[in-house]
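As a plain string of letters, each chain reads:
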Amino acid sequence: MHISSGRWVYGLFLALLTALLWGILPIKLKQVLQVMDPVTVTWFRLLVSGGLLFIYLTATRRLPSRKVLGPRGGWLVAMAVLGLVGNYVLYLMGLNRLSPGTAQLVVQMGPIMLLVASLFVFKERFSVGQGIGLLVLLIGFALFFNQRLGELLTSLSDYTAGVLMVLLASTVWTFYALGQKQLLTVWNSLQVMMVIYLFCALLLTPWVHPLEALQLSPLQGWLLLACCLNTLIAYGAFAEALAHWEASRVSATLAITPLVTFAAVALAAWWWPDYVHAEQINLLGYGGAVLVVLGSALVALGPSLIAGLRARRGRLAVGR
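The following paragraphs examine the structure supplied in this document.

About the cut-offs
Residues numbered from 1 in each chain as written. Predicted model: local features only at pLDDT ≥ 70, side-chain atom pairs only at ≥ 80, totals over all residues. Heavy atoms only, no water. Helix = DSSP H or I, 4+ residues; strand = E, 2+ residues; numbered from the N terminus. Buried < 20%, exposed > 50% of the residue type's maximum accessible area, 1.4 Å probe, protein only. Patch = residues over 30% accessible without salt bridge, like charges linked within 9 Å, V, L, I, M, F, W, Y side chains within 5 Å. Areas by Shrake-Rupley, 256 points an atom, 1.4 Å probe, with all protein chains shown as cover. Salt bridge = Lys/Arg side-chain N within 4 Å of Asp/Glu carboxyl O. Core = buried A, V, L, I, M, F, W, Y, C linked by side-chain atoms within 4.5 Å. Contact = heavy atoms within 4.5 Å.

### Quick word on the environment of Leu156
Position of Leu156 among the secondary structure elements: in the loop between helix H7 (149-154) and helix H8 (158-183). Taking the relative accessible area as the measure of exposure, Leu156 reaches 69% and is therefore exposed.

As structure tokens, this is what we get:
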């Protein structure tokens with residue numbers, strides 16, 4: 001199993017950078033999706049990112065070696081590739097039907113599902129603190145969707161379909177994260193991302209329409225390039241954060257991503273009202289979003305908080 005380096009300050013910085021970049025990403029993608037289909041957008045993002053990494057690693061003579069993977073390495077690569085392709089495409093299909101803030105909040109289930117998967121893969125225990133965090137998260141979701149809860153539970157509208165697609169995107173993302181975490185035992189983060197990106201792009205090639213990029217306006221073209229670079233930097237920072245910090249703490253830090261999106265949408269709607277529209281959410285919904293973030297962070301940090309509390313009680317008992 002992969003063991004973190006212990007450089008937690010560097011890991012925290014990288015996790016915060018990832019949260020910032022993921023937080024502003026759906027705003028840019030929403031503009032590009034007005035012209036291009038989700039599969040083609042995903043293909044461009046993966047091909048550009050993977051190609052830049054390939055050029056860099058070739059120039060520095062650090063291309064990954066197949067020999068060090070071992071007998072199960074191929075399965076890990078396949079799991080990560082299929083997980084990331086599914087996550088990218090399903091998320092964009094859902095984003096087509098939802099606002100950026102809503103999509104980013106729902107995708108917050110990804111780290112939670114990663115934690116649940118870790119219970120089985122790494123034989124971790126689900127603590128009382130995590131149970132409380134999960135309850136807070138569920139209450140937060142109920143409050144966030146208070147205006148459309150009936151629609152979600154009783155009909156398969158475009159909005160409901162979008163939520164379900166993003167939930168499924170979060171589920172398959174778990175397989176990518178688990179596969180990537182183990183691949184870091186044999187390759188560095190840049191090598192892992194190059195292999196995954198290029199294989200993902202190759203897998204999507206039969207279904208792409210690259211000429212759609214010619215229909216983009218100059219602004220949308222720059223936003224597509226920004227999305228490609230965002231993919232490279234954000235996922236690179238995420239991979240490197242996992243190399244230096246525990247997965248639970250990285251997940252807890254990434255919990256703030258939806259709040260970054262809501263703040264970014266509000267600012268963008270103020271500066272560029274012709275392009276970005278403000279979120280149509282009431283005060284109760286915003287309160288629910290905060291609870292989702294708090295619950296997600298508590299689920300990720302539950303074991304550490306409980307262990308720290310017990311250690312403190314033990315020290316107090318000895319002092320007496």
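### Thoughts on a nonpolar patch on the surface
On the surface, a cluster of nonpolar side chains totalling about 780 Å² of accessible area is made up of Leu52, Phe54, Ile55, Leu63, Trp222, Leu225, Leu229 and Ile233. Broken down by secondary-structure element, the contributors of at least two residues to the nonpolar patch are helix H2 (38-59) and helix H10 (218-244). By residue number, the principal contributor to the nonpolar patch is H10, which donates four residues. When you line up the elements, Trp222 lands in helix H10. In this structure Trp222 comes out as exposed when scored by relative accessible area, which is 63%.

### Points about the nonpolar core
Of all hydrophobic cores here, the largest spans 87 residues; its most connected members are Leu84, Tyr91, Tyr176, Ile196, Tyr235 and Phe238. Ranked by residue count, the leading element in this core is H10, at 13 residues. Here Tyr91 is in contact with Pro26, Leu29, Gly86, Ala103, Gln104, Val107, Val166 and Ala169, once residues within four sequence places are set aside. In terms of nonpolar packing, the next biggest core, distinct from the first, is built from six residues, Ala264, Val265, Ala268 and Ala269 among them.

### Comments concerning the pattern of salt bridges
Two side chains of opposite charge can pair, provided their charged atoms sit close to one another. Under the counting rule described, the total for this entry stands at one salt bridge. Between Arg97 and Asp158 there is a salt bridge; the shortest N-O distance is 4.0 Å. Taken together, the residues span a long stretch of sequence, with Arg97 in the loop between helix H3 (73-95) and helix H4 (100-106) and Asp158 in helix H8 at a distance of 61 residues.

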